[in-house]
Amino acid sequence: MLFGAIHNDIGLLHVRLLYRLAFCLFGLGCWSAAGVGLADESGSQPQLGPNHLRIASARSAKDLKIVDALAEQFRFKFPQFTVSIQSGGVLNVLDDGRNSLADVILTHHKPGETHFVKEGYALRHTQIMYTEYALFGPPGDPLQLSAEKDIVSVFKRLAQNEAEFLAPSPRSGTYMKIQEIWTMAGIDPDWIGYENTGGSGYATLLQAAEFGVYTVAEMATYLSNKEKIQGEIIPLFRDDLDLRNVYSLLVVNPLKVPGVNADLGLAFHDYLVSEEGQNFIRQFGEETFYAEILTPAAHLDPGLKERTAQQILEEQTKELNLAIVSSISLFVLLVISVFLFLRMRVIERKHIESEARNAALELARDEIMLSNQLLQQEIEERKITETQLSKVIELLNTSEEELRKYHDHLETLVQSRTRELESAVKELEAFSYSVSHDLRSPLRSINGFSRVIMDDYYDVLDEEGKEFLKRIVNASLRMDLLIDGLLQLSRISRQEPQYKTVNMSSLARDVLENLCAGDRSRHVIVEIEDDINVECDENLLRIVLHNFISNALKYTAKIEQPHVSIGKSRCGKGVCYFVKDNGVGFDMKYSDKLFKPFQRLHSDEAYKGNGIGLSTVQRIIQRHGGIVWAESTPGQGAIFYFTLSPARDNLLLVSSSLPN
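Each value, and the rule that gives it
Residues numbered from 1 in each chain as written. Predicted model: local features only at pLDDT ≥ 70, side-chain atom pairs only at ≥ 80, totals over all residues. Heavy atoms only, no water. Axes fitted to C-alpha atoms, helices over the stretch in contact; angles between N-to-C directions. Helix = DSSP H or I, 4+ residues; strand = E, 2+ residues; numbered from the N terminus. Parallel < 35°, antiparallel > 145°, perpendicular 65-115°, else oblique. Contact = heavy atoms within 4.5 Å. Nonpolar A, V, L, I, M, F, W, Y, C, P; charged D, E, K, R; others polar. Buried < 20%, exposed > 50% of the residue type's maximum accessible area, 1.4 Å probe, protein only. Arc of directions from axis to C-beta. Phe/Tyr/Trp six-rings, centres within 6.5 Å; stacked < 30°, edge-to-face > 60°. Lys NZ or Arg CZ within 6 Å of the ring centre and 35° of its normal. Polar contact = N/O pair within 3.5 Å; in protein donor to acceptor, adjacent residues only side chain to side chain. Pairing = 2+ DSSP bridges. Salt bridge = Lys/Arg side-chain N within 4 Å of Asp/Glu carboxyl O. Disulfide = S-S within 2.5 Å. Lys, Arg positive; Asp, Glu negative; His and termini not counted.

> Before we go on, may I ask you to explain the packing of helix H6 (residues 151-160) against helix H7 (residues 173-185) in this structure?
Each pair of packed helices gets described by two things: the angle between the helix axes and the distance between those axes. Running from amino to carboxyl end, H6 crosses H7 at an angle of 85°, the nearest separation of the two axes being 9 Å. Judged by the inter-axis angle, H6 sits roughly perpendicular to H7. Contact residues: Ile151, Val152, Phe155, Lys156 and Ala159 in H6; Ile178, Ile181, Trp182, Met184 and Ala185 in H7. Of the residues in the contact of H6 with H7, the class split is nine nonpolar, no polar and one charged.

And the structure:
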């Protein structure tokens with residue numbers, strides 16, 4: 001105990017002495033730095049030199065005044081330094097770094113930053129904060145953009161309506177964000193009314209307000225210039241992860257660009273990523289815009305996390321080295337003390353060891369006897385366990401034999417049920433085919449006699465009789481169409497597809513020509529994607545296209561500018577095909593009736609039909625191993641999708657989008 005206390009006291013003494021020495025050195029360094037600061041204050045502040053920091057800032061950050069505020073806080077914290085700020089486009093400020101015109105760069109152009117780092121111009125690259133973009137447009141939201149679920153859907157609606165839209169200069173970060181969203185939407189904005197102003201995001205926002213058109217700009221830019229805009233445009237869509245505008249700080253590498261002040265650049269960087277700098281960014285945004293517009297983001301930067309972990313490791317290593325030196329010194333003293341103590345107690349220890357050895361022998365003897373008893377008990381228990389295990393194995397063998405017999409019986413039962421089901425299906429198809437043929441003969445008689453009455457006795461009938469006779473004729477004609485549909489459905493169910501490569505684009509044009517041959521008065525805009533080649537039965541695919549295109553023409557008959565599109569798109573990892581129109585559409589809650597025979601979503605008075613066409617389409621698609629589904633909104637048209645491939649991945653991915 002005495003030597004342990006001595007050991008602890010000596011260790012603490014060494015540690016305290018080392019810490020005092022470190023604090024003295026640190027105080028001397030602070031005194032030296034204070035002396036430099038005083039020397040700078042006593043004379044005029046130089047505009048360039050070892051204590052001058054040059055910041056190149058993206059114009060948007062300069063307009064928000066955040067870069068000026070951060071520079072002022074940095075000068076307040078380090079009064080011996082001077083700071084100058086120059087602003088420009090996000091790519092221009094990167095060029096300033098390459099041309100030795102800046103020590104640090106604050107920008108928000110991710111591709112440009114990545115290229116800057118790969119070229120070796122960046123000594124340090126860290127994301128500092130992010131702001132929020134928003135889509136701005138006329139008050140009242142005439143296109144109902146705020147109802148969309150994400151910014152990609154908003155841009156698609158803008159493209160569908162060919163809305164007037166202003167984009168800033170291609171060298172601005174806002175332009176890159178807009179192009180990024182158009183790319184995600186898969187749209188090339190080339191319509192009349194989509195213009196590039198060639199100016200900054202701020203200037204573009206003012207022009208959009210002046211003309212009452214759409215644009216994308218930072219919320220901070222909008223809030224800081226709200227009085228100039230005077231409500232001509234308002235934010236219509238925001239709060240989307242794809243609308244974040246991340247600002248990064250890059251310290252220019254002096255090995256790549258001679259003449260830059262990397263030490264001051266790193267000092268400014270360390271201030272911005274510190275808790276003090278990040279809190280100042282948040283407070284500045286809240287106090288300036290009364291909203292959380294500027295969000296600190298240094299804690300999200302992976303490079304900063306790695307560097308912080310490395311610093312912590314280095315500090316721990318230094319502390320460990322100090323502890324090792326102290327431990328070695330204490331160990332030497334402890335060894336000497338123990339040696340002297342052992343010399344004084346050697347005789348007594350031998351006596352104690354002898355007594356302990358005898359006691360250990362007695363204890364070992366007792367333990368051996370106890371171990372023998374336990375070993376005997378274990379042998380008896382093992383014999384009992386082996387007996388029980390033999391019974392369990394015998395029981396398992398019996399169960400396995402019974403399970404095998406049950407499996408064989410179940411396999412026989414499944415084969416029997418399968419044969420019965422196949423026979424029932426064939427009988428049902430034959431019955432449907434027979435009934436359809438048997439119904440046609442009396443139906444033709446009814447239709448023929450009705451025609452005779454119409455020709456020979458029409459003038460004899462009163463108005464009510466004439467009306468009844470017309471209904472009989474129309475009903476018989478409609479019944480004839482239903483029988484034709486049933487016969488076609490029955491033939492398709494029994495017909496095996498003959499696969500070959502078919503140009504679906506040419507086939508669709510041929511079907512469209514046949515459908516429009518009898519009516520040249522209508523003007524329908526039809527877009528058919530070129531060179532869609534598929535593996536299928538050509539005759540069956542012609543029936544599918546005939547039903548889809550005839551439905552599209554029928555349900556756009558009352559539309560002022562009917563539009564039909566035929567093409568293909570990606571569905572999961574595979575390909576699906578579609579026929580789209582801008583007709584009356586339907587309510588998706590009734591979509592389960594679409595592909596059932598005789599089920600219709602529109603009245604026969606409004607739109608003629610027999611309710612068999614989509615059932616036939618579904619049967620053909622199923623014969624090809626594919627699936628078919630539809631999406632629609634009342635008054636906004638419908639789109640029918642189908643696949644011709646039985647690939648499991650495609651079906652799983654596509655089926656997730658099917659309506660309930």
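Once you've had a look at it, read on.
> How should I be thinking about helix H8 (residues 201-211) in this particular structure?
Working note: α-helix, 3.6 residues per turn, so residues spaced by three or four point in the same direction. When we look at burial in H8, the residues that qualify are Gly201, Thr204, Leu205, Ala208 and Ala209. End-on, the buried residues of H8 take up no more than an arc of 140°, which puts them together on one face. Away from its buried face by more than 90 degrees, H8 exposes Glu210 and Phe211. Those residues of H8 hidden inside the fold are in contact with strand E4 (122-137), strand E5 (165-167), H7, strand E7 (215-218), helix H9 (219-224) and helix H10 (226-229).

> What's the story with the packing of aromatic side chains in this structure? I'm lost.
One pair of aromatic rings is described through two measures. These are the centre distance and the angle between the planes. Summed over all chains, the structure comprises 21 aromatic pairs. Aromatic side chains tryptophan 629 and tyrosine 641 sit 5.2 Å apart centroid to centroid with 15° between the ring planes, which places their arrangement in the stacked category. Taken together, the residues tryptophan 629 in strand E16 (residues 628-632) and tyrosine 641 in strand E17 (residues 638-642) connect sequence positions 12 residues apart. The exposure class of tyrosine 641 is buried, given its relative accessible area of 15%. The positively charged end of arginine 98 is found above the aromatic ring belonging to tyrosine 121, 5.5 Å away from the centroid.

> Can you help me understand the side chain of threonine 215 in this one?
Inspection of the secondary structure puts threonine 215 in strand E7. With a relative accessible area of 0%, threonine 215 lands in the buried category. One polar contact links the side chain of threonine 215 to the main-chain carbonyl oxygen of leucine 166, over a distance of 2.8 Å. Apart from the residues within four sequence positions on either side, threonine 215 is in contact with Ala134, Leu135, Phe136, Phe165, Leu166, Thr204, Leu205 and Ala208.

> Explanation requested: the pairing of strand E15 (residues 574-581) in the structure shown.
Within a regular strand, side chains alternate between the sheet's two faces. With six of eight residues buried, E15 is to be regarded as a mostly interior element. Examined bridge by bridge, strand E14 (residues 563-571) and E15 share eight bridges and lie antiparallel to one another. Considered in E15, the bridge of serine 569 is made with cysteine 576. Adjacent in sequence and paired antiparallel, E14 and E15 are bridged by two residues, among which glycine 572 carries a positive phi angle near 65°. In the sheet, E15 pairs with E17 via five bridges, with the strands oriented antiparallel. What sits directly across from phenylalanine 578, in E17, is tyrosine 641.

> Even after reading the chapter, I still don't get the pattern of salt bridges, so can you show me in this structure?
Two side chains with opposite charge may pair up if their charged atoms get near one another. Evaluation of the coordinates by the stated rule reveals 18 salt bridges. As a salt-bridge pair, glutamate 400 and arginine 404 come within 3.5 Å of each other at their nearest N and O atoms. One end of the pair is glutamate 400 and the other is arginine 404, both in helix H13 (residues 302-456) and four residues apart, which spans about a single turn. On the accessibility criterion, arginine 404 (41% relative accessible area) is partly exposed. Because the salt bridges share partners, they merge into one network encompassing Asp95, Arg98, Glu119 and Arg171.

> How do you make sense of the state of the cysteines when you look at a structure like this?
As used here, a disulfide is simply a covalent bond connecting the sulfur atoms of two cysteines. A full pass over the atoms with the stated rule returns one disulfide. Across a sulfur-sulfur distance of 1.9 Å, cysteine 571 and cysteine 576 are joined as a disulfide pair. Linking cysteine 571 and cysteine 576, the disulfide has an S-S dihedral of approximately 40° and is accordingly described as right-handed. You can call cysteine 571 buried: its relative accessible area is 11%. Classification of cysteine 576 as buried rests on a relative accessible area of 0%.

> Teacher, can you tell me more about the side chain of glutamate 218 here?
On the secondary structure map, glutamate 218 appears in strand E7. No salt bridge is formed by the buried glutamate 218. Its closest oppositely charged neighbour is lysine 177, at 10 Å. The residues contacting glutamate 218, other than those within four sequence positions of it, are Ser60, Leu64, Thr131, Glu132, Tyr133, Phe136, Asn245 and Tyr247.

In short, shape yes, function no, at least from these values alone.
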